[in-house]
There are 2 protein chains.
Amino acid sequence: KKKSTINYGDRGMSLEQEINLSNAYYLNKGIAVIHKKPTPIQIVKVDYPKRSAAVIKEAYFKQASTTDYNGIFKEKYIDFDAKETTNKTSFPLNNFHQHQISHMQQCSKLGGICFSLIKFVKTNELFVLNGTDLFFYWERQYNDGRKSISKQELENSGYKLSYQINPLIPYLDAVDKIIDDNGGK
Amino acid sequence: KKKSTINYGDRGMSLEQEINLSNAYYLNKGIAVIHKKPTPIQIVKVDYPKRSAAVIKEAYFKQASTTDYNGIFKEKYIDFDAKETTNKTSFPLNNFHQHQISHMQQCSKLGGICFSLIKFVKTNELFVLNGTDLFFYWERQYNDGRKSISKQELENSGYKLSYQINPLIPYLDAVDKIIDDNGGK
Ligand SMILES: [Mg+2]
Ligand SMILES: [Mg+2]
């Protein structure tokens, strides 16, 4: 990988915006179809004014029961969550909910590729952590009580990504490596 | 297929509710992970009252850019839209939008299984129409101007489903046949 002194990640965008841009690139090139799922909303009250669009007047945010993103790449089902942390040396596991982990475990069992895309926002560092490794760290907290994944562990078990121009976050390079590590599956 | 005189489909549920129930069954049995995507909402104004949940005070429905459902079954990416019609003898193509067709075409190219699950609500008849056939009928309207798919055509090119107890709509049986027709792919 070539290194650059320009930090393409330092643009004041949220990780979600950065991934959406990357997905637009992948879609446009016919490489992958991966979309952010809409935020689930509980709608309570809707007005239907004459001659104009329905207006939602009362609604609440619902907790997502799955992950942020899913889609298809190289005939494979892709499912992942994006996570940001302001921590410097470790990633806190309380960024995940049990139902997200369970969802990823169910998809993995059926042959999907599941992972987390983690950003350390203070340093613009990005890691893809494969599901099997994430599940290991998730279980570990119930064994030895460690509530986070150290950055060193992410360096060892994850795939570090560098920002580039297009796609901004080339996370499917890491997915390619995951597919290779699985023996092409 | 055994026939039943009881019509399990006649329960006053919307097609979406029927599919969600079926998906809950498939998920619970570890057969497939397929979810309805949340309705996309454009949020304009949110109140953050003290000591209680954020309240969305103004928001609008956005047109979905993709399909209703996606997920994984037998290692395959699954993507489909559910459509109801009150018509009796044909299914009007204006139930689809170009961007939904384009989305399904993009997913098909990458190896996903895309289809439409069509319900004739007056007769409780259900059909799965594979993407390749749907795309054919979609294109046809720009050639000979026919703006619908006749029920006879659905009988011939689609997979007819019968309601049953569990899952209520066994639509993955049709997906199995699509996979077979594709030579296991
Ligand atoms: Mg997230
Ligand atoms: Mg629909």
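Notes on the structure follow. Not measured: the values here are computed from a predicted model.

### A word on the side chain of Asn 130 of chain A
Residue and element names in this part refer to chain A. Tracing the backbone shows Asn 130 in strand S8 (residues 125-130). Judged by relative accessible area, which is 12%, Asn 130 ranks as buried. In contact with Asn 130, not counting residues within four places along its chain, are Cys 114, Phe 115 and Ile 178.

### Details of the interface of chain B and chain A
One frequent convention defines the size of an interface as the accessible area lost when the parts assemble. Taken together, the contact pairs 33 residues of chain B with 33 residues of chain A. Carbon and sulfur atoms make up 71% of the surface buried where chain B meets chain A, a total of about 2700 Å² over both sides. If you sort the residues of chain B by the area they bury against chain A, Ile 56, Ile 72 and Leu 110 of chain B come out on top, with a joint share of 23%. Scanning the region where chain B abuts chain A turns up zero salt bridges. Inspection of the region where chain B meets chain A yields five residue pairs in polar contact (both at pLDDT 80 or more). Looking at the side of chain B that touches chain A, the elements that each hand over two or more residues are strand S1 (32-36), strand S2 (41-47), strand S3 (55-61), strand S4 (69-73) and helix H2 (98-109) of chain B. Top element by residues in the side of chain B that touches chain A is S3 of chain B. It accounts for seven residues. Grouping the amino acids of the side of chain B that touches chain A by side-chain chemistry returns 19 nonpolar, 10 polar and four charged. Two strands pair when backbone bridges link them, and strand S3 (residues 55-61) of chain A and S3 of chain B are joined in this way by two bridges, in the antiparallel orientation.

### Quick word on helix H1 (residues 15-28) of chain A
All names here are of chain A. Between its terminal C-alpha atoms H1 stretches 20 Å, which fits the 20 Å expected from 14 residues at 1.5 Å a residue. Elements that come into contact with the buried residues of H1 comprise strand S1 (32-36), strand S4 (69-73), strand S5 (76-85), strand S7 (113-120), S8 and helix H5 (171-181). Backbone geometry just downstream of H1 places Gly 30 in the positive-phi region, at approximately 70 degrees.

### A word on the packing of aromatic side chains
Using the criterion set out here, one finds 21 aromatic pairs over all chains in the structure. Look at Trp 138 of chain A and Tyr 142 of chain A: their rings are 6.2 Å apart centre to centre, the planes differ by 80 degrees, and that puts the pair in the edge-to-face class. Placement of both Trp 138 of chain A and Tyr 142 of chain A in helix H3 (residues 131-143) is noted, with a separation of four residues, approximately one turn of the helix. Counting every residue linked through ring pairs, the aromatic cluster contains Tyr 25, Tyr 26, Tyr 69, Phe 80, Phe 115 and Tyr 171 of chain A. Sitting over the ring of Phe 96 of chain A, Lys 83 of chain A keeps its end group 4.7 Å from the ring centre. A cation sits over an aromatic face here: Lys 151 of chain B above Phe 120 of chain B, 4.8 Å from the ring centre.

### Some remarks on the sheet that holds S8 of chain A
Residue and element names in this part refer to chain A. Strand order across the open sheet formed by six strands is S1-S4-S5-S7-S8-S10, with mixed pairing between neighbours. Each end of this open sheet is capped by a strand with a single partner; those strands are S1 and strand S10 (159-161). Between one strand axis and the next, the sheet turns by 25 degrees as a mean value, whatever way the strands run. Contacting S1, S4, S5, S7 and S8, H1 runs over the sheet at an angle of about 155 degrees to S1.

### Some details on the pairing of strand S8 (residues 125-130) of chain B
Residues and elements named next belong to chain B. Where burial is concerned, most of S8 is hidden: six out of the six residues are buried. Covered by surrounding structure in S8 are Glu 125, Phe 127 and Leu 129 together with Leu 126, Val 128 and Asn 130, the residues of both alternating faces. Pairing between S8 and strand S10 (residues 159-161): three bridges, direction antiparallel. Paired with Val 128 across the strands is Tyr 159, a residue of S10.

### Some details on the relation of the copies chain B and chain A
Turning chain B through 180 degrees and shifting it by 0.0 Å along the axis lays it on chain A, with an RMSD of 0.1 Å. In symmetry terms, the pair is related by a two-fold rotation axis. With an isologous cut-off of 70% or more, the 100% of interface residues of chain B that recur at the interface of chain A puts this contact in the isologous class.

Criteria and thresholds
- Residues numbered from 1 in each chain as written.
- Chains lettered and ligands numbered in written order.
- Predicted model: local features only at pLDDT ≥ 70, side-chain atom pairs only at ≥ 80, totals over all residues.
- Heavy atoms only, no water.
- Helix = DSSP H or I, 4+ residues; strand = E, 2+ residues; numbered from the N terminus.
- Buried < 20%, exposed > 50% of the residue type's maximum accessible area, 1.4 Å probe, protein only.
- Contact = heavy atoms within 4.5 Å.
- Buried area = accessible area lost by both parts, 1.4 Å probe.
- Salt bridge = Lys/Arg side-chain N within 4 Å of Asp/Glu carboxyl O.
- Polar contact = N/O pair within 3.5 Å; in protein donor to acceptor, adjacent residues only side chain to side chain.
- Nonpolar A, V, L, I, M, F, W, Y, C, P; charged D, E, K, R; others polar.
- Pairing = 2+ DSSP bridges.
- Expected span 1.5 Å × (residues − 1).
- Phe/Tyr/Trp six-rings, centres within 6.5 Å; stacked < 30°, edge-to-face > 60°.
- Lys NZ or Arg CZ within 6 Å of the ring centre and 35° of its normal.
- Axes fitted to C-alpha atoms, helices over the stretch in contact; angles between N-to-C directions.
- Least-squares fit on C-alpha atoms with pLDDT ≥ 70 in both.

Spatial relationships are all this shows, so hold off on functional conclusions.
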